[in-house]
Amino acid sequence: SFVPDLIVSMSSQMWLHLQTDESVGSVGFKVNYKEIEKESCGDPGTPLYGIREGDGFSNRDVLRFEC
């Protein structure tokens, strides 16, 4: 009934335990994942109705956001 916050693994493995209380009948779970480079923060996206300056996501890169 809800989407959890971002989950990050700093190793080469990640285990997720998904469990339902059976209150909703459905087919199952859907999980999207993205691999990012080590020393990278990943792409935080662009704010809705905003702008982003910068496109580096590595350690010490600087991004600027404006609404």
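For the structure itself, consult the block above.
Computed from a predicted model, the values in this text were never measured in an experiment.

What counts and what doesn't
Residues numbered from 1 in each chain as written. Predicted model: local features only at pLDDT ≥ 70, side-chain atom pairs only at ≥ 80, totals over all residues. Heavy atoms only, no water. Helix = DSSP H or I, 4+ residues; strand = E, 2+ residues; numbered from the N terminus. Rg over C-alpha atoms; globule rule 2.2 N^0.38 Å. Buried < 20%, exposed > 50% of the residue type's maximum accessible area, 1.4 Å probe, protein only. Salt bridge = Lys/Arg side-chain N within 4 Å of Asp/Glu carboxyl O. Contact = heavy atoms within 4.5 Å.

Draft legend 1. Geometry of the overall build of the chain. Of the regular secondary structure elements, the chain holds zero helices and two strands. Computed over the C-alpha atoms, the radius of gyration of the chain is 17 Å, more than 25% above the 11 Å expected from 2.2 N^0.38 for a compact globule of 67 residues. Summarising its shape, the C-alpha atoms of the chain cover approximately 45 × 35 × 15 Å along the three principal directions. Taken across its 67 residues, the chain has 3% of its residues classed as buried.

Draft legend 2. Broad picture of the pattern of salt bridges. Tallied over the full model, the rule gives three salt bridges. When the shortest N-O distance is used, the salt bridge between Arg64 and Glu66 registers 3.0 Å. Here Arg64 falls in the partly exposed class, since its relative accessible area comes to 41%.

Draft legend 3. Structural context of the environment of Gly45. Structurally, Gly45 is set in the segment before strand 1 (51-53). Sequence spacing of Gly45 and Phe65 is 20 residues, and the spatial spacing of their C-alpha atoms is 10.0 Å. The residues touching Gly45, leaving out its near neighbours within four places in the chain, are Arg52 and Phe65.

Draft legend 4. Here's a closer look at the environment of Gly25. Relative to the assigned elements, Gly25 resides in the segment before strand 1. Counting along the chain gives 34 residues from Gly25 to Asn59, while the straight-line C-alpha distance between them is 44 Å.

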